[in-house]
Structures are given as structure tokens and as C-alpha cells.
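Examining the three-dimensional arrangement
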Amino acid sequence: MADAARTDPARGGARTARVLIAADKFKGSLTAVEVAEHVTAGLRRVVPDVGVTAVPVADGGDGTVAAALAAGFTRHEARVTGPTGAPVTAAFALRGDGTAVVEMAEASGLQHLPAGVFAPLTAGTYGTGELLLAALDAGAASIVLGVGGSATTDGGAGMLTALGARFLDAGGEPLAPGGGLLRELATADLSGLDPRLARTHVVLASDVDNPLTGPTGAAAVYGPQKGASAADVAALDAALAHFAAVLGSAVGPKAATYAAAPGAGAAGGIGYGALVGLGAEFRPGIEVLLDVLGFAPALARATLVITGEGSLDRQTLHGKAPAGVAAAARAAGVEVVAVCGRLTLPPEALDAAGIRRAYALTDLEPDPARCMAEAGPLLERAAERLARDFLV
């Protein structure tokens, strides 16, 4: 088909292709960097001299720091409090211009829970606040806070506590961690927040736009993924509503306004804490990351974009990385194809998203377990097919 080939006068009229690989991780199998490496290997088996640029991407969830590091940021580590109180080592990324990328899952994510053991009522985000402090200490002037993959539903109370806020019960004692105990909150004081935050631009980067509470809120939609029973969900939703009400006495009407705002319910409500306490600006995660990672200059040089993630499904169309990449590429007039572990979207949905064709690993290996175990070699075979269809 040679759709991506263009005439290069400097090479005597030979048609050339410049491929931009901007894919997310295949969760449980490959990092975004590894996806780009395997796709490149497959393409070059068919077209050895194809020009390839890789910009691994993420949508704000787990893998966001890794994408920033692949784009040239410097890795920093801090010892912080994990979601259940045990110390964990968390990383953030920092660029020379003072831009930091902080991933809350690094400090407060599900990966820090013992296998199969959830703590829906008591897991907290204190470590995320500590990680933000570490970024400020390292010289961050602007912070992208990527949220997703959290083990928590505490409305960001733990994060704000680490940053200097005070949340007290009726006896004047600090609240214990976790969303469940927010029901005991009597007074909130944000006046002690680290003063550096007032001059730091914080962007809340998320792939979801849920409000804090209600049927589409943090507890109802995401609580069950964190081990919350139906009773836990009801308790957490009520506790978060109480949290917002008490904050109203501390910060005024904006507490209620932010509770209903898009992104407030992200990552167990840490979005709310960022909006009301840090003055964060909410933006779709993939949109933010494309800006930060230098996607636009790479896109300007590309004749074909390859995006993808582990599962191309209905969720992909609602703020996930491939949809954001495809939208940006379509606006620039550059054709997009995708690779994925499994595909559940019909051709018309792919077309509407701006994706010309998708190559699923399950087409090559239908057994899901083997598909995940052999994702790298299978992805190279899929990339060979893609190259024959679009680059030859």
C-alpha cells in the first residue's frame, strides 16, 4: 500500500517513510519503551532503512514517569510512605527547565499492596504528598501530577496532610489515614500548606473526568477495583461528601465547586485534593504528556504514526493514550495505525477515532496467557505485517 511513503528528492526520488512510534505500555507485558523497541525491530525486518522515532507515551497513570525518562528527563528517587504506611521507594522525573513529572501510583499505587490484599477504607495518599515535596526540594517550578492506578479513596487528604494541611477530629486529634475515617473530620486547615506551592504551576493529568461523589464518583466507579464492597462504597462516598462539606468552612464555596468539577474523582479523589488544595489545573493526561514529551516536533517529521496499548477497547476512546495520539496526528494530516494485545473495537469505531487499522497480538496467538508471555516476539511479527501493508 505504501501509504506512508513520500518522495525524497535528495535520494533520487526514492520513496521514504518516517515512522513515529507513540504507544503506551502493554500492561502486564511490556513497558512503552519495550513496545517501541519491538515494533522497531519488526519494521526493520521488512524495511531495513526505515526512519523511526520513538516517543513512548502515557495518559497520566502508571508508566507516566517512565515515559518522561524516555524523553530525556532525569530520574530522582525518594523514600516515602506507601498506601498502607510501609515505606516505599518512589521515583519522579525532572527536566532542566524545572518541569517535574510526578506519578501518584509510584507512591500510592495498587502495586504497593500485598498481592490480593486491599485496604479500601484505610489506604492513604500521604506518600504522594511526600513525593511532591521531594520534587519541590529538587527545584521543580511546575509539576505534572499524573494520577491513576491508585490504591486509595481518601480525596487527597493524605497528600494534603504531607504538604502541611491539618485535618482534625472532634477531639482535636489528627485523622488516621484512609477515606473511611474522613467521616470523623471536624475541622480542616489548609493555611499550613508549603508556601512553595503558591508559586508552582500544578497540572492534574488524568484520563478520567469523574466528579468526587455520587453514582459516577470516585467511590462508586473505582472503589470496587480497590477491594471495596457495596457497603464500603457507600461509606466512602458519604465520607468524601463530608470531607468536601467540612472543607467548605475552610476554603469557602470553591470546595463544593471543585467537588463537582471534572477530574475531582480521579484516583480515589486525589484529583479533588489537587484542585481544592494545590490550585491545580485539570487537563486530559495524554494531552499534557504529549506536550511535555515533545510529541509535536516528532509528529511534524513523521509520515506514519504507530500508536497502541495492551487493549484497544471502548475505554480507549475516552481519554486513553492511543485516542489522544490519533486525534493529534489526524489534526496534522498524518495517518495512524495501531498495535495492541487485544482488539474489541469494530472498524467503524477505529475509523472514528482516526486509526486506519489495528494489529492485535491475539490474531497471532489466541491464548491470552501465551499472548502476554510472548508479547515481545508477537509484537515484532505484528509490526512486520504492518510494514508490509503500509511501508512497502
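That block above? That's the structure.
The structure presented is a predicted model; accordingly, all values stated were derived computationally and were not measured.

Quick look at the state of the cysteines now. The final tally for this structure, using the stated rule, is zero disulfides. Summary of cysteine pairing: C340 is not part of a disulfide, and the nearest cysteine sulfur, belonging to C371, is at 9.1 Å. The buried category is assigned to C340, whose relative accessible area is 0%.

This next bit is on the side chain of D194. Looking at the secondary structure, you find D194 in the loop between β10 (187-189) and β11 (201-206). Setting aside chain neighbours within four positions, we find D194 in contact with L133, L136 and L163.

What follows is about the pattern of salt bridges. A full pass over the atoms with the stated rule returns 19 salt bridges. Between R45 and E384 there is a salt bridge, with the nearest N and O atoms lying 3.0 Å from each other. Taken as a pair, R45 in helix α1 (residues 32-46) and E384 in helix α15 (residues 375-390) lie far apart in primary sequence, 339 residues in all. Notably, a salt bridge pairs R388 with E384, separated by 3.4 Å at the nearest N-O pair. Note that R388 and E384 are positioned in helix α15 at a spacing of four residues, about one turn of the helix. Taking the relative accessible area as the measure of exposure, R388 reaches 47% and is therefore partly exposed. Judged by its relative accessible area of 16%, E384 falls in the buried class. Look at the salt bridges and you will find they share partners, linking D24, K25, K27 and D62 into a network.

What counts and what doesn't
- Residues numbered from 1 in each chain as written.
- Predicted model: local features only at pLDDT ≥ 70, side-chain atom pairs only at ≥ 80, totals over all residues.
- Heavy atoms only, no water.
- Disulfide = S-S within 2.5 Å.
- Buried < 20%, exposed > 50% of the residue type's maximum accessible area, 1.4 Å probe, protein only.
- Helix = DSSP H or I, 4+ residues; strand = E, 2+ residues; numbered from the N terminus.
- Contact = heavy atoms within 4.5 Å.
- Salt bridge = Lys/Arg side-chain N within 4 Å of Asp/Glu carboxyl O.

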